Amino acid sequence: MARSDVQLMLDVKAGDEQSFALLLQRYRSPLVNFLFRMVRSREQAEDLAQEVFLRVYRAREDYVPSAKFTTWLFRIATNLALNSVRDNRYQRLEVSLDAPLNPDSEDGDEKTLDVPEKHPNIEQHLVDQARKKMIRRAIDKLPEKQRAAVLLHKYQELDYGEISKILQCSESALKSLLFRAYETLRVELAPLVARQRQLPG
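So, here is what we can say about the structure in this document. (Residues numbered from 1 in each chain as written. Predicted model: local features only at pLDDT ≥ 70, side-chain atom pairs only at ≥ 80, totals over all residues. Heavy atoms only, no water.)

Digging into the overall build of the protein
For step 1, the next point in the chain: When helices and strands are tallied, the protein shows nine helices and zero strands.
For step 2, the next point in the chain: Reading the protein from its N terminus to its C terminus gives the helix and strand order α-α-α-α-α-α-α-α-α.
For step 3, the next point in the chain: Residue burial in the protein is summarised as follows: out of 201 residues, 39% are buried.
For step 4, the next point in the chain: Taking all contacts inside the protein whose residues are at least 6 apart in sequence as the whole, residues at least 24 apart take part in 65%.
For step 5, the next point in the chain: When the accessible surface of the protein is summed, it comes to about 12100 Å², and 51% of that surface belongs to carbon and sulfur atoms. (Helix = DSSP H or I, 4+ residues; strand = E, 2+ residues; numbered from the N terminus. Buried < 20%, exposed > 50% of the residue type's maximum accessible area, 1.4 Å probe, protein only. Contact = heavy atoms within 4.5 Å. Areas by Shrake-Rupley, 256 points an atom, 1.4 Å probe, with all protein chains shown as cover.)

Below, the structure written as structure tokens:
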């Protein structure tokens, strides 16, 4: 039976290097995906993910399982991502929104997007591509903290309690943050919804 994150981290604390390798294997892809959506740079996302795991490893001796491991992990990742976005705000490189996160990996960006499993016809494929591009652009435009909240909620599927701990705010403040973010996205994506209604069933 697979060991829980907490048990693995306690084993790491006790000096078991193999348990750290298992945590790295378990969370590297979701972490890089999340960081990529925050900073929009594959190379930067990889660097930040490495820094997150480095910080987790350095803190192993002080680890106390008071919160879920994912809460702790994504709090470190979110803080690093927000700092990175703020530092690079005026020198951000344009990254192609259509580029897959990692074309060689099945754990890449595409798995979290709504793509039919069967190969769609070319017209449907183009509609899907345009839809994904609009959604990504809309999320990219959100203020950093709103974007982090949406990504943690929708893509990482964390609950309000976890996200509020990660963003270090109350649950009511988080709900307000998400409400504003989803309202912005609803307005931004209104043309997409209207277009979908016009498509033949």
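Re the nonpolar core
For step 1, the next point in the chain: In terms of nonpolar packing, the biggest core is built from 49 residues, with Leu 31, Phe 34, Leu 35, Met 38 and Leu 73 touching the most fellow members.
For step 2, the next point in the chain: Sorting the residues of this core by element identifies helix H1 (5-13), helix H2 (17-39), helix H3 (42-58), helix H4 (69-87), helix H5 (122-141), helix H6 (144-155), helix H7 (160-166) and helix H8 (171-188) as the ones contributing at least two each.
For step 3, the next point in the chain: Residue contributions to this core peak at 10 residues, all from H2.
For step 4, the next point in the chain: For Phe 34, the contacting residues outside a window of four places in its chain are Phe 74, Ala 77, Thr 78, Ala 148, Leu 151, Leu 152 and Gln 156. (Core = buried A, V, L, I, M, F, W, Y, C linked by side-chain atoms within 4.5 Å.)

Points about the packing of H5 against H6
For step 1, the next point in the chain: Here H5 crosses H6 at 135°, and the two axes come no closer than 8 Å. As the angle between them shows, H5 and H6 are arranged oblique. Facing Ile 135, Ile 139 and Asp 140 of H5, the residues of H6 in contact are Arg 147, Leu 151 and Tyr 155. (Axes fitted to C-alpha atoms, helices over the stretch in contact; angles between N-to-C directions. Parallel < 35°, antiparallel > 145°, perpendicular 65-115°, else oblique.)

Side note on the environment of Asp 62
For step 1, the next point in the chain: Structurally, the position occupied by Asp 62 is in the loop between H3 and H4.
For step 2, the next point in the chain: Residue classification places Asp 62 among the exposed residues on the basis of a relative accessible area of 65%.

Digging into the packing of H2 against H4
For step 1, the next point in the chain: Their axes nearest at 10 Å, the elements H2 and H4 cross at an angle of 30°. Every pair of crossing elements has a handedness; the one defined by H2 and H4 is right-handed. For the pair H2 and H4, the contacting residues are Leu 23, Tyr 27, Leu 31, Phe 34, Leu 35, Met 38 and Val 39 in the first and Phe 69, Thr 70, Leu 73, Phe 74, Ala 77, Thr 78, Ala 81, Leu 82, Ser 84 and Val 85 in the second. (Left-handed = near helix turned anticlockwise from the far one by under 90°.)

Focus on the environment of Glu 171
For step 1, the next point in the chain: Tracing the sequence through the fold places Glu 171 in helix H8.
For step 2, the next point in the chain: According to the relative accessible area criterion, Glu 171 is partly exposed, its value standing at 38%.
For step 3, the next point in the chain: Sequence spacing of Glu 171 and Tyr 160 is 11 residues, and the spatial spacing of their C-alpha atoms is 6.3 Å.
For step 4, the next point in the chain: Ignoring anything within four residues of it in the chain, the contact list for Glu 171 reads Tyr 160, Gly 161 and Ser 164.

A word on the pattern of salt bridges
Note that side chains of opposite charge can pair when their charged atoms are close.
For step 1, the next point in the chain: Under the definition given, this model contains 10 salt bridges.
For step 2, the next point in the chain: One network of salt bridges, in which partners are shared, links Arg 3, Asp 11 and Asp 16. (Salt bridge = Lys/Arg side-chain N within 4 Å of Asp/Glu carboxyl O.)

Describing the packing of aromatic side chains
For step 1, the next point in the chain: Considering all chains together, one arrives at six aromatic pairs under this definition.
For step 2, the next point in the chain: Measuring from centroid to centroid gives 6.3 Å for Phe 20 and Phe 53, while their planes differ by 85°, and the two rings are edge-to-face. Taken together, the residues Phe 20 in helix H2 and Phe 53 in helix H3 connect sequence positions 33 residues apart.
For step 3, the next point in the chain: The class of Phe 20 is buried, set by a relative accessible area of 13%.
For step 4, the next point in the chain: Residue classification places Phe 53 among the buried residues on the basis of a relative accessible area of 6%.
For step 5, the next point in the chain: An aromatic cluster is defined as three or more aromatic residues linked by ring pairs; in this entry it consists of Tyr 27, Tyr 63, Phe 69 and Trp 72.
For step 6, the next point in the chain: Note that Arg 60 overlies the ring of Tyr 57, its terminal NZ or CZ placed 3.9 Å from the centroid. (Phe/Tyr/Trp six-rings, centres within 6.5 Å; stacked < 30°, edge-to-face > 60°. Lys NZ or Arg CZ within 6 Å of the ring centre and 35° of its normal.)

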